[in-house]
Each structure stands twice: as C-alpha cells, then as structure tokens.
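Coordinate inspection notes
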Amino acid sequence: MNDEELDQIRNIVREEMATQTSTQSSTPTGRIPNLINRTRSMIQAAATSVCNNTLNTTPSPARQTNPHRDRISFGSSKRKKSEIKIIPVVLAVLKYRKEDEYPLTSDCFLLSEVHINLTTAMNESEIRIAIKSAIGSKLPFVSKDDFKFVKGINKRVIVPTTSADYSFAYPQVKKLMGSGKLYIQLKFQLSPPESGDEYTDDDSVELPQALFPRASTSFGPSTSTSSLSGTSPSRPSTSSSSGPSTSSASGPSTSSASGPSTSSPSGPSTSSPFGPSTSSPSGPSTSSLYGPSSSSSEDQVISTVKTIQEIFPWLSENCIQFMSTQRSDVNELLNHLLTLSPQKLLSCQIECNPKQRIVVDKEFIVEECISSYKDPNFDINFPLRIVFRGEPGVDAGGLLREFYSLFFEKICTDRAFDLFEGDGSALMPKSNFNICMTEIFVTLGKIVAHNICQNGIGFPYLAPAIFEYIAHASVPHAALFLTLADANLGYQHYIAQISNANEDELADLRNDNDFMSIMQEIGETCMLNLTTRHQVIQSMLVHDVLVKRKASLDQFRKGLSTLNVLKIIEENPKQMRHLFVEGPLNAEKVISHIVFKNHDQEQCDTMRDVIRSFNSDQLAQFCSFVTGSPVPSVGERLHVEFTQSPAITSSTCAQGIVVPPIVSREFNLLKPALLAVMDTASFSRNFNTM
C-alpha cells in the first residue's frame, strides 16, 4: 500500500466524519456502522492490490538452509561402505583342547588380552599375519598357521566346522567375534606334566621346542653345549655344598649347592640371583647367571626370560634365574612351572630371597606382627624366620606356621580387637568408622598374602559368601552363596518369622517398629506380604552379610593384591578356595593327612580311634602340637612314627610326632598320654618344636 492510497483513505474518512458531525442531530444511528464497514472494505481492497502487485513483480527468494546442518547426499552412503576402515580388536589366545565345545575358564587362557588393529578389507592370510605380529613377542613359538579361529559365547568355546575352502576373511571373523573378543586356539598338542609334581592341570602342559635354544647355542664361553643351570668351565665356582660361603664388607653372602657363592676375599662380591652386587676388580664381571657370552646368546637368554615372564608375570628375572639353577634346561623349568599349583607359583616369587629375622613375644603377637608389617624397613618380598622371645627353637618352618596360626587365632577371637563376627569357621569382617579409617584390613590382607606366598595355611576362617566376593568383587555373585547362618541373630529371628508366617502374621510384622527400622536400614521399599517376603529375606541377607561390610572387604582385597595374590585368586578361585574357606575341623579330615611310619595295623587303628574320640578343640590342639597350626595345610602330611622313645615328642618343622610303643597299642593309655603332652605343650614353653 503506497502513500497516495493511504492519503486517499484518510481524506474519505475525514469527509465522512465532518458530514457526520454537521448533521449529527438528523443522521440516523445506522450510518455509523455503515461508515465503519465502508472504511474496512476500502482498506482490505488496498491491501489485496498491494499483495498482488508484489507477487507479480518480486522474484521468489532462494530457499534458506540451516548453515549448521549438513546437506544430505544420497551417493555418499555408498562411498562410505566402500571405504577401508581400521577396527581395533581385543584378542585372546587359548590353549589346545581336543573338544569342539568346552567351558571357557581362566585355565583355558595363554594370553587373555591382546590389542590388535584389523581392516575391513583383510583376507585370512593378512589377519593371521597381523595376529602373529601382535603375539610374537609373547609367544614367539607360534606361527601364523599354528592357531585356528573359535567362537566364545555364553562362557563357552565352540570350534566351528567349516569346509576345506572356507576362508576367515574379516566379515567371517567379525561374525565369530560378535561384540566381544576374538578367540584363537592353538593347534599343537602339549606334552603331559611330569610325574611326582603336586598339582596337575590338564590344560597346563609343556611348550613346544621351537621356544628353546638349539643344541649349538652356548650360554658361556665354552664351545660345547651348556644348559641354563650349569656354570662355564672357564668360570670357577667359589662355593661348595659342604661349607658356608664367605662374606664381604657389604653384607653376608648366600650360597647353595646348585649355585655359585657371591663373595670373594679379593674384592667385592659378584652378583647372584639372591641380590645385587658389583664386579670383581680381579676379573670380568659375572653379573649374568649364564656367564660371559656373545651378544646373540645374551639376546636368546633375554628373550627366554621375557617369555617366561609373559606366561608367569609375577616372577622376577632374579627368581627365574634362581629356579633355572635347579633345572637342567629351560624346557624342564617351564614344564615344572606349568605343573605347579597356584599357591606354589606364588611362593616362587620370594623363595629365592634370603629370610628376614623377626623376634616376637607370643603374649603381644598381634601388636608386634602388625608393627613389623607397618615398619618402613620391612620388605614383604623376603620370607620370614621367626624367633619367639624367651623360647628355644630354630625355625625350619614349624615356628613360622605357629607364628601365623597364633596371630590369626588371636585377631579373630580376641574381643579387644573386635574385627570379626560370626561362627568360628565362617567369619565375616566388621565394618565401622574406626575400622575403615585405620585401614587395619589392608594390613591384614598383606599379612595373609605374605603367609600364602610362604606356603602357609592362608586364612581359612571366612564364610563362603565372603570369599566369593573377594574372588569376584561382585555382590550379586556372592549372594548366591549366602546362608541363613551368616546373618546376625536379630536378622535370623525375623527371617524365620517371615518364612513361616501367614498373611495376618505378616501384617503384625508390618506394625513392628523394630522390623520396620530394619526395612528402612536395608533400603527395602516394597510392602511385606506373601508375594514379596522372599524378596525381603534376600534383601536382609545381602545387606547384613555383604553390603554393610563392603568397605572392609574392599580394603582386605587391596591388601591381598600384594605379591599378586589377589590376581591369582581371581584367576583360580577353585584352587585357592581352601586357603580361605576350610569349614569345621573333624577327625576324618585329620586322619586323611596322617602317614604312619614303623608301625603295625594295631598301632595304626589305636591312633585312629584316639583321634576319632577327640572333640573339635582337642583336634585343633593335636594339629598345633604336630604342625604348629590348628588347621593342617592342604597337601601336607602329618607323620606318626612308633619307635623306642622315652616320651611323646613332636617336630612342627618336620610335621611329625613320635610315640613310644609302650602306650601305642592301648587306647586307655595312648589317649591320656596325648592329652597330657598336648596340654603341657599348650600352657608351658617346652622344646617340642625344632
């Protein structure tokens, strides 16, 4: 609408208004609405005219697009599909198995996590080369054709059946992998374990010969073939098995029948697997266990040590060198390690180190033990040699077992410490502000880990659900092992009522203030009735046994991570369970550990009858008298010998007891005699341990 049209409308309105004003008295009232309608019609006609002119003369503007929005190209999606992408993949290497389908457990793995990059255009040969390159530093004996692709699903391994011309290119490998790991399985059969070893695992077997040095390889200056455990002919040994080694100003040296001494009167001591040292000024350094050698031989030794460390990462280089002195070659060493139990493997970490001496008083054993482990000068990588203050005795294993047994017994039962609750064979750690702030369970976990690494009894006092949480760090998993006996008495009372109650009795419980306080404490919001009572019971058990103790349990796990113990527990929970969950001691369990010497059937039957007549306290007392521990270790033997002796004696180091024949054939003589000597040993300080 232009200015001329607006002026025309204004003039018409003014004229009409002037006419209306001059003739107001004689104008009918109906003219005012007519004036308004006429004016509205003129304005609408003018606006329509302006719009029509604008549409006919102004070109259509271009469509405005969002500057932040990408334009859609229908051809780009096809190009993206054809692009080669790099896909990161997590690979797991499994041991050889004959079965085409089997459970996926921790024992199946050689390598559990290897990160590689694959591309979407790779064929099978290229994928195999990439895998070989990734695992070559850890498993150099595996070639690109020594493994096959398998599928892992629902914690099971399935070997796919394929035709001869089938190829595992990337699309096929992706189907096997799904959203998880890519699993490969070795093809070669490994030899069975040696006889005589304590622990046998069907999946733990000898590695192939490709790993080991060829016969022409020499680790020393000699031109003949030498083994890892032998010394070079040009390097004389400075120790013998029949006498002690000498020492230098820098500290005492350590010698063994199978290794060289570490000191020399003419200069600083040479190095050995037992500790650091410097080279002698009178000759070349012997810092390597294998002696002077060429660079290629040294590289082979380094490669072999690294390979062993990849399979057994908790073993140090010094430890591997120490163990190699006791084996003829690397093949025998690896075969030996693969047949050891998890606890024996853990003990390999520290058995090559010299022992550190600790003097303790039995009366204050908890305080002195904890203060020793918290001492900044205490090195947990060294085993212990125990001396009890005011008592004769040389520790060859028995005093060490007695030390840990007394410590564990006192810290579990003494109300002055108040760290545990529950039945004596199914304890649960308490959790409160003071316990969490002092982190006492971190220290306790370190002590238990150190005990396990010294082939000790562990801590066989925990409830099954507590151990399952330690092994898996999962409350839902540990809840599967809960029992009514694990709950405290107050919870047990209400759980028993809920289990047997009808609807009216459940209604009464809903009005019980104490019960409703428990419901509020455990965070249960459902109303108690016949439908929800099992849910309420489960919530009560999980909260009382696991949730409210989680802080203490996590601290205990932190302490157990010392010396890789927690890692081995997580990987081998079944084999490590006996170190934490032993259950009540009974006569048949004790008898199963006994080995008789110099006996006849009558003497053996009498001893068994006497042991069966003991109550639980007397059984623990008998085990302590013979072994130094109230619980016999798994795999250990209690030696009973009937021989001419003036009295009943025991050696906790040898874990044996000597019984004179005069009392060995009569039940009424043997039992009182055993009880008397056990009571004497318990309440006095006799030299019954050697």
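Note that the coordinates shown come from a computational prediction; the quantities given were computed from them, not determined experimentally. (Residues numbered from 1 in each chain as written. Predicted model: local features only at pLDDT ≥ 70, side-chain atom pairs only at ≥ 80, totals over all residues. Heavy atoms only, no water.)

**Regarding the state of the cysteines**
The line we're drawing: Throughout, a disulfide means two cysteine sulfur atoms within 2.5 Å of one another. The buried label applies to any residue whose accessible area, calculated with a 1.4 Å probe on protein chains only, is under 20% of its type's maximum; exposed applies above 50%, and partly exposed to all values in between.
Per the counting criterion, the structure on display carries zero disulfides. With no disulfide partner, Cys453 has as its closest neighbouring cysteine sulfur the one in Cys348, 10.0 Å distant. Its relative accessible area of 2% is what places Cys453 among the buried residues.

**Focus on the pattern of salt bridges**
Heads up, the rule is: For this analysis, a salt bridge means a side-chain nitrogen from Lys or Arg found within 4 Å of a carboxyl oxygen belonging to Asp or Glu. What counts as a helix is a DSSP run of H or I of at least four residues, what counts as a strand is a run of E of at least two, and both are numbered from the N terminus.
In the structure shown here, the tally under the stated rule is 17 salt bridges. Lys144 is the partner of Asp145 in a salt bridge, and the nearest nitrogen-oxygen pair spans 3.6 Å. As a salt-bridge pair, Asp554 and Lys550 come within 3.0 Å of each other at their nearest N and O atoms. Residue Asp554 and its partner Lys550 are both found in helix H20 (residues 550–560); the two are separated by four residues, about one turn of the helix. The exposure class assigned to Lys550 is partly exposed, which follows from its relative accessible area of 35%.

**Examining the UniProt feature "domain: HECT" (unreviewed entry) in the chain**
As a reminder, the rule being used: UniProt positions are given in the numbering used here, feature names are shortened, and annotations may be inferred rather than shown by experiment.
Residues annotated in UniProt with the feature "domain: HECT" (unreviewed entry) correspond here to residues 376–411. End-to-end, the C-alpha atoms of residues 376–411 are 22 Å apart, and along that stretch the chain is 39% helix and 14% strand.

**A word on the environment of Phe109**
Spelled out, the test is: Residue contacts are defined here by distance: any two heavy atoms, one from each residue, within 4.5 Å place the two residues in contact.
Assignment of secondary structure puts Phe109 in strand S3 (residues 109–119). Sequence separation between Phe109 and Leu94 is 15 residues; the distance between their C-alpha atoms is 4.5 Å. What Phe109 contacts, discounting residues up to four positions off in sequence, is Ala92, Val93, Leu94, Lys95, Leu104 and Tyr183.

**Re the sheet that holds strand S5 (residues 156–158)**
Our working rule: Paired strands, in this sense, are two strands between which DSSP finds at least two bridges. Only C-alpha atoms enter the line fits that serve as axes; for helices the fit covers just the stretch in contact. Angles between N-to-C directions range over 0 to 180 degrees.
Pairing is mixed in the open sheet, where six strands are placed in the order S2-S5-S4-S6-S1-S3. With partners counted over all chains shown, the strands left at the sheet margins are strand S2 (101–103) and S3, one partner each. When strand polarity is set aside, the average angle formed by the axes of neighbouring strands in this sheet is 35 degrees. Both strand S4 (residues 147–153) and S5 contribute to a ladder of three bridges, which runs antiparallel. Bridge pairing links Ile153 to Arg156 in S5. Along the sheet face, helix H5 (residues 170–177) touches strand S1 (86–94), S3, S4 and strand S6 (182–186) and points at about 40 degrees away from the line of S4.

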